[in-house]
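Coordinate inspection notes
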Amino acid sequence: MLSTAEALPVSVTSEFAFELQVCQWAERAWVPADDSAVLVARQLGTKHRRWDTVVLECDPDGLRERAKLGAESFDSDLLHVLRNAPADWTYYRDALPDPGYPWRYVRESIHEAADRDALDTRKRGNRIQIRRVRPYPDWLRRIVAIENKPDLTASAARDLAPQLERDVALSLADEVWVATAATGERVEPVLLTDMPAAAGVLTVDADRGTAEDVWQPRSLSVADPGTRILDRPDDDHSAARFEYVDPDWKRERRLAIAERAYERGWRAYADTMRPDCRHFQLRADETGVYPYCAAKERVPTAAECRGACPSYEPEPPIWRSKGWPLDGGPGGAIRRLLDRRRRRQRPGLSE
Ligand code: SF4
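Residues numbered from 1 in each chain as written. Predicted model: local features only at pLDDT ≥ 70, side-chain atom pairs only at ≥ 80, totals over all residues.

So, the sheet that holds strand β8 (residues 175–181)
To keep things clear, this is the line we draw: Pairs of strands are assigned from DSSP output, requiring at least two bridges between the strands. The helix count covers DSSP runs of H or I at least four residues long, the strand count covers runs of E at least two residues long, and both are numbered beginning at the N terminus. Comment: axis = line fitted to C-alpha atoms, over the contacting stretch for helices; angle = value between 0 and 180 degrees taken between N-to-C directions.
As summarised here, the arrangement of the 6 strands in space is β2-β3-β7-β8-β9-β10, forming an open sheet in which the pairing is mixed. Where the open sheet ends on each side, the last strands, each with one partner, are β2 (37–45) and β10 (210–215). Geometrically, the sheet is characterised by an average inter-axis angle of 30° between neighbouring strands, direction not taken into account. When strand β9 (residues 200–205) meets β10, the two strands line up antiparallel, connected through 5 bridges. Across the sheet, Val201 pairs through a bridge with Trp215, a residue of β10.

Printed below as a string of C-alpha cells:
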C-alpha cells in the first residue's frame, strides 16, 4: 500500500528506478511547446527501437474526444478503419482505402472496432456496411523521446551516441533527449561526450526529483521522409548503408505509439511486477511514488520482481478475504490505485 509515513528518500538504485523518476518529473513538470496537455509513458517505440520515456504533447480538446473511444489502444489496423470510416452507411470496401494487405484482416478489424462500440456495422445482403460512431480526433501534436542513462560513463556514451544519431536521422519523434544524473560538476560530463548536437540533454537531481535542460534539442522534421541507418561501419573508409522512410509510415507509426502510450502510461509496471507479493509496497517521498520491496529494501527492478524471485511470498489468503478491508487484498488495491492515477491523466475517462 502507499506509505507516506515511511517517506524515506527512495534512492535511485537502478536504471529502472531512474526511469520512473524521469517519468514522475515529466508528468509533473514537462513544459510543452504551447497549451498542450502532457501524457507520459515508458518503454514504447517500434520493432527496431524502444524509447525509455515517451512524452506526448496533446491537443486538450482532441484528448477529451479521444477518451470517448475508451481507454484501450487502437493498433494500426484498427486506426486504418476508424480514421477512414464514413459518416453515412457505406460498403466497407468503398469507404476504406486499399490497406495493402488482404481485406479479410480489415473485416476482422471492423468486427473488433464494432465490439468496442467504436464503429457501427450492419449487413445489407452479403455486404458489410460501416458508419463511424464519431470522428477519430486529431489529438496528438508532438512526441518527445527520452533515453535514460543515469550513469553516463564514457563507454555508455559511446553506445548511446549511435542510437541517438539513428533517432535524429529517422525523425520519428519531434525531439530526442538523453537524461542523466546530475553530478554537480561545473561542466556536466555529458556535455563533453560525443552526443549528436540535435539531441537535448537533461540532468536529473535524484534527491530532489528535479531536472534541468542543459542542452536544447533541435525540432526534428517528422513530416518529411526519414533516413533509417542500417549499418554504420567503424572505419571512416566504408560507406554507411541506409534507406529512406516514407512520411506516411512515420505518421502511422507515431499514432500507433501514441495510442499505446494512451493506454499504458508509465504506471503499467504493476502489470508485470508482483504487487501481490507480501513484500511489495508503494512508497512516497518528495519526488513521487515508487514501488518498493521490503525484502530487498530498495526499488525492485521490473526484471527481478517476478514469481521466480527467490524472496517472493504471496500475500496471505487472509489479506484477501475476511478481516481485510480492501477487495482483493493489498496487491489488488495497489493495481487499482495505479490505474486510477493513470486514468486521472486522461481527461474525459471515468475513474
Ligand atoms: S520479494 Fe521479489 S517478488 Fe516480492 S516484492 Fe520483492 S522483488 Fe518483488
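Remarks on the pairing of strand β14 (residues 288–293)
Two elements, strand β13 (residues 280–285) and β14, share 6 bridges in a ladder whose sense is antiparallel. Each residue of the ladder has a partner; that of Leu282, found in β14, is Pro291. Linking β13 to β14, which pair antiparallel, is a turn of 2 residues.

Structural notes on the nonpolar core
For clarity, the threshold we go by: Joining buried Ala, Val, Leu, Ile, Met, Phe, Trp, Tyr and Cys residues through C-beta atoms within 7 Å gives a set, and that set is a nonpolar core. The exposure label follows from counting other C-beta atoms within 10 Å of a residue's C-beta, where the C-beta atoms are placed from the backbone and the thresholds are 20 or more for buried and 12 or fewer for exposed, leaving partly exposed in between.
Val54, Leu56, Trp177 and Ala261 are the most contacted members of the largest nonpolar core, which has 59 residues in total. Here the element with the most residues in this core is helix α1 (residues 15–29); it accounts for 8 residues. Core analysis: the next-biggest nonpolar cluster, separate from the first, contains 14 residues, Phe74, Val81, Leu82 and Leu96 among them.

Concerning the sheet that holds strand β4 (residues 90–91)
We apply this condition: A pair of residues counts as a contact when their C-beta atoms, built from backbone coordinates, are within 7 Å of each other.
Strand order across the open sheet formed by 3 strands is β4-β6-β5, with antiparallel pairing between neighbours. At either margin of the open sheet sits one strand with a lone partner, and together these are β4 and β5 (119–124). Bridging between β5 and strand β6 (residues 127–132) involves 6 bridges; their strand directions are antiparallel. For Leu119, the partnering residue across the bridge sits in β6 and is Arg132. Running at roughly 120° to β5, helix α5 (residues 103–115) makes contact with β5 and β6 of the sheet.

Examining the site of the ligand
Which entries qualify depends on this criterion: Using a C-beta atom placed from the backbone, a residue is described as near a molecule or strand when that atom lies within 6 Å of it. Polar here means any residue other than Ala, Val, Leu, Ile, Met, Phe, Trp, Tyr, Cys and Pro, which are nonpolar, and Asp, Glu, Lys and Arg, which are charged; Gly is therefore polar.
With respect to spatial proximity, 13 residues lie near the ligand, and among them Cys277, Cys293, Cys305, Cys309 and Ser311 are the closest. Looking at the shell around the ligand residue by residue, the classes come out as 8 nonpolar, 2 polar and 3 charged.

Structural notes on the environment of Tyr312
Inspection of the secondary structure puts Tyr312 in the loop between β14 and α9 (317–320). Judged by the 18 C-beta atoms lying within 10 Å of it, Tyr312 is partly exposed. Separated by 18 residues in sequence, Tyr312 and Ala294 have C-alpha atoms that sit 11 Å apart.

Some details on the domain arrangement of the protein
Stated precisely, the cut-off is as follows: Just so you know, the domain bounds were taken from an automatic or database domain assignment.
When the domains of the protein are assigned, the result is domain 1 (77–132) and domain 2 (269–344). Relative placement of domain 1 and domain 2: their C-alpha centres are 41 Å apart.

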